[in-house]
Amino acid sequence: MSGSNFKGEEFSDPVESVLPGGRGRGAQEGAERSGLRTAPSAAAPGAGRSAGHDRQGRDDRYLLLWGKSEEKAGGTANPLLSHLLDTAAVAEQLWDTYLAPATQRMLDHTATGGVAGSGRAFFSWLCGVHDIGKATPAFQRLWPKGAEVVRAAGLRWNRHVVDSVRWRHDRAGAHLLWRLLPVGGWQDEHIEWVWPLVAGHHGAFPGLYATKPKSRDLVGRAPWPAVQSALLRRFTAQLGFQDLAAVQPENVPSRADQLHLSGLIVMADWIASDEQHFQGVDDFEPVTFDHARERAALAWKSLRLSGGWGQLAVPGPEVFIDRFGHGARPSQTLVMDAARRMEAPGLLVVEAPMGEGKTKAALMAAEILAARFGADGVFVGMPTQATSDPMFSNVRAWTRAIDDDLADRVALLHGKRMFNKEWRELLEGASGDPDARFRIDEYGDCYDEDQYGLTSPAEGCPQPRGPAEWFLGAKRGLLCPFVVGTIDQLLFAATRTKHVMLRMAGLAGKVVVLDEVHAADVYMSQFLREGLRWLGQAGTPVVLLSATLPPAQRRELVDAYLAGASTREEFTADALPEPSGYPSVSAGRATNPRRGPRADSAPFKRDVG
């Protein structure tokens, strides 16, 4: 790996030339200075091994690197390896109880080409490795007490340079991956899509040039490279991989799937950074993946986190009366039939007059599409706050008819939701003002390390009946499995705003229903089309509702979705006929279920009559 220092001078930094171990004091001596007890497997060398190496001969001073300071980890510092493992363990919880079946299949396809369940370990590794950039002087110097321990172990740096030049750990992580993964056997095509997920886990994706250090002192001179390599390999081994080469995925996911994964990484990081459930450890011995799994399971249960309905059975025609108490009209039957005929996730455009029952038809279509294509929830976007409130009640009634427990997982998402009586009643038992509790002090906006997560409810407080309070935090609303809100929640997902990946993570894996799309003006329509491109590429089923649409607007919306589904910049649905009657249903889909570069479209039109 090559780069340049702050003077523009070139330097080389090959990992191959760095022998594990290096010079300087090892973890055992550093641990004694910091008060940590050493683990026999890591820092109590057996016969024939020198202090400062683990059983595999790797420099074990990675154990002294801190990930969370005492102030941010409940009074006891959390080692960096511990935080990486905690985040990986949270990712397993996400896989087991939160990720949509469609997302799991996407990860299986990415990891091994489609072997069921194979994406779980890869997803865990991908989430855990996000903070590898903290294994650099640029980060380790931020907490004076931790920096003293690290320097005492022989991991030194030029203070004049490191203290005067800022280099964020998210960008440092991207740099380390570019240096370490090729040595581990990774191909460039996979590093090229993985490094932005690490570099962007604090909300914004930098360019590759921005990840390069201005001085080699920021990333660390010998023995730092050996320690960084040892940390990555130890973390990888803890997750059950034989080596780094075994982690390398088989396929490159689409850009929409990459953005989705980026949001899930942020989610896992925020949960694992909650000091109430992931306090620091003062002993090397529990820094294992098994211990991290125990912590993650307890945290998950305490936070009441869960996904949506899981894998649904495809509802038959008779289910409509079970959901709504009456039979379906012909127009509603047509919408459901269209959803059943789709061979791959796609777009439905339903045009019918007010009072025809478009909302119920759309909810049933969403249930059918979710069952067929593995979506685990819905987002219903409305044009105004006033129309969102009654839709919130409708969606809760519908989900209650599916499963009694689902109604309490529906979130209302707009700026004045606390004026909604039904929403307030759901939150009874929450400690304090739920909308004011979860403020995120975003790292990257300030120079120092800062806090994530939330403050847990006090002991003995009654639990609210609504969605898990974690979902009520800033920027997390769309992550709730069932969401009713204003359409701007989707429009923002098409903008280059900070933490846009969280919005994508909240929309992908759901069925998206948008009502009254004819009300979108020229400005909104531009963002709506862009949002549909992303949803099409992500394979997210979408149902659009309108009283009527001008032919040009209908075609633009279908074109935008299919452009994404076929991974093209532009697409024209020439085969989409104009409706010959009213009401009508239009549908477009990608014929290739994997939504690869060879995908094409097969739109069709059926009229009610």
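These numbers come from a predicted model, not from an experiment.

Parameters at a glance
- Residues numbered from 1 in each chain as written.
- Predicted model: local features only at pLDDT ≥ 70, side-chain atom pairs only at ≥ 80, totals over all residues.
- Heavy atoms only, no water.
- Helix = DSSP H or I, 4+ residues; strand = E, 2+ residues; numbered from the N terminus.
- Buried < 20%, exposed > 50% of the residue type's maximum accessible area, 1.4 Å probe, protein only.
- Contact = heavy atoms within 4.5 Å.
- Areas by Shrake-Rupley, 256 points an atom, 1.4 Å probe, with all protein chains shown as cover.
- Salt bridge = Lys/Arg side-chain N within 4 Å of Asp/Glu carboxyl O.
- Pairing = 2+ DSSP bridges.
- Expected span 1.5 Å × (residues − 1).
- Phe/Tyr/Trp six-rings, centres within 6.5 Å; stacked < 30°, edge-to-face > 60°.
- Lys NZ or Arg CZ within 6 Å of the ring centre and 35° of its normal.
- pLDDT = per-residue confidence, 0-100.
- Axes fitted to C-alpha atoms, helices over the stretch in contact; angles between N-to-C directions.
- Parallel < 35°, antiparallel > 145°, perpendicular 65-115°, else oblique.
- Nonpolar A, V, L, I, M, F, W, Y, C, P; charged D, E, K, R; others polar.
- Core = buried A, V, L, I, M, F, W, Y, C linked by side-chain atoms within 4.5 Å.

Our next topic: the overall build of the protein chain. Each helix and strand counted, the protein chain has 24 helices and twelve strands in total. When burial is assessed residue by residue, the protein chain has 60% of its 609 residues classed as buried. The contacts of the protein chain with a sequence gap of at least 6 include a subset with a gap of at least 24, amounting to 78%. Accessible surface for the protein chain amounts to roughly 23,100 Å². Of this, 49% is attributable to carbon and sulfur atoms.

Moving on to the pattern of salt bridges. Here the structure, examined in full by the defined rule, presents 17 salt bridges. Here Arg-293 ties to Glu-92 by a salt bridge, and the two come within 2.8 Å at their closest N and O atoms. With Arg-293 in helix α14 (residues 289-303) and Glu-92 in helix α3 (residues 80-97), this pair connects stretches of sequence that are 201 residues apart. One salt bridge in this structure joins Arg-589 and Glu-343, with 3.7 Å as the shortest N-O distance. With Arg-589 in strand β11 (residues 584-589) and Glu-343 in the loop between α16 (330-341) and β5 (346-351), this pair connects stretches of sequence that are 246 residues apart.

Each regular strand displays side chains that alternate between the two surfaces of the sheet. Most of strand β8 (residues 482-486) is tucked away, with five of its five residues classed as buried. Across five bridges, strand β6 (residues 378-382) lies against β8 in parallel orientation. Residue pairing across strands places Met-382 opposite Thr-486, the latter belonging to β8.

Here we take up helix α22 (residues 500-507). Given 3.6 residues to a turn, an α-helix orients residues that are three or four positions apart in the same direction. Counting buried positions along α22 yields seven of eight residues, so the element is predominantly enclosed. Within α22, burial applies to Val-500, Met-501, Leu-502, Met-504, Ala-505, Gly-506 and Leu-507. Buried residues belonging to α22 abut α13 (255-272), β6, α21 (488-491), β9 (511-514) and α23 (522-538). After α22 finishes, the residue Gly-509 shows a positive phi value of roughly 90°.

The terminal C-alpha atoms of helix α24 (residues 551-565), which comprises 15 residues, lie 21 Å apart, in line with the 21 Å expected from a rise of 1.5 Å per residue. With eleven of 15 residues buried, α24 lies mostly within the body of the structure. Every buried residue of α24 is accounted for by Gln-553, Arg-554, Leu-557, Val-558, Asp-559, Ala-560, Tyr-561, Leu-562, Ala-563, Gly-564 and Ala-565. Following α24 by one or two positions, Thr-567 adopts a phi angle in the positive range, close to 50°.

For the structure on display, the rule yields twelve aromatic pairs. Between Trp-309 and Phe-482, the aromatic rings sit 5.1 Å apart at their centres with planes inclined by 65°, giving edge-to-face as the arrangement. Of this pair, Trp-309 sits in the loop between α14 and α15 (319-324) while Phe-482 sits in strand β8, placing them 173 residues apart in sequence. For the pair Trp-309 and Phe-482, a shared accessibility class is recorded, and that class is buried. Three or more aromatic residues link up through ring pairs in this structure, and these residues are Trp-66, Phe-139 and Trp-143. Cation over ring: Arg-151 sits above Trp-157, and NZ or CZ is 5.0 Å from the ring centre.

Attention shifts here to the confidence of the model for the protein chain. Mean pLDDT over the protein chain stands at 83; residues scoring 70 or higher make up 80%. Below a pLDDT of 50 lies the segment residues 1-26, which in the model reaches 66 contacts outside its immediate sequence neighbourhood of four places, other chains included. Contacts from residues 431-461, a stretch scored under 50 in pLDDT, to residues over four places away or in other chains number 78 contacts.

Two numbers describe a pair of packed helices, the interaxial angle and the distance between the axes. Remark: helix α9 (residues 169-180) packs on helix α12 (residues 224-238), axes separated minimally by 11 Å, with the N-to-C direction vectors making an angle of 90°. As the angle between them shows, α9 and α12 are arranged roughly perpendicular. Where α9 approaches α12, its residues Leu-176, Arg-179 and Leu-180 are matched on the opposing element by Pro-225, Gln-228, Ser-229 and Leu-232. Tallied by class, the residues present in the contact of α9 with α12 amount to four nonpolar, two polar and one charged.

This part takes up the environment of Ser-584. Checked against the element boundaries, Ser-584 lands in strand β11. Of the residues examined, Ser-584 reaches a relative accessible area of 2% and is grouped as buried.

Once that is clear, we can look at the nonpolar core. By size, the foremost hydrophobic cluster in this structure holds 172 residues, and its most contacted members are Leu-65, Trp-125 and Leu-348. Trp-66, Ala-77, Leu-142 and Trp-143 belong to the second largest nonpolar core, which has five residues in total.

Turning our attention to the environment of Pro-223. Its place among the elements puts Pro-223 in the loop between α11 (216-219) and α12. Residue Pro-223 is classed as buried on the basis of its relative accessible area of 8%. The spacing of Pro-223 and Arg-156 is 67 residues in sequence and 8.7 Å in space, taken between C-alpha atoms.

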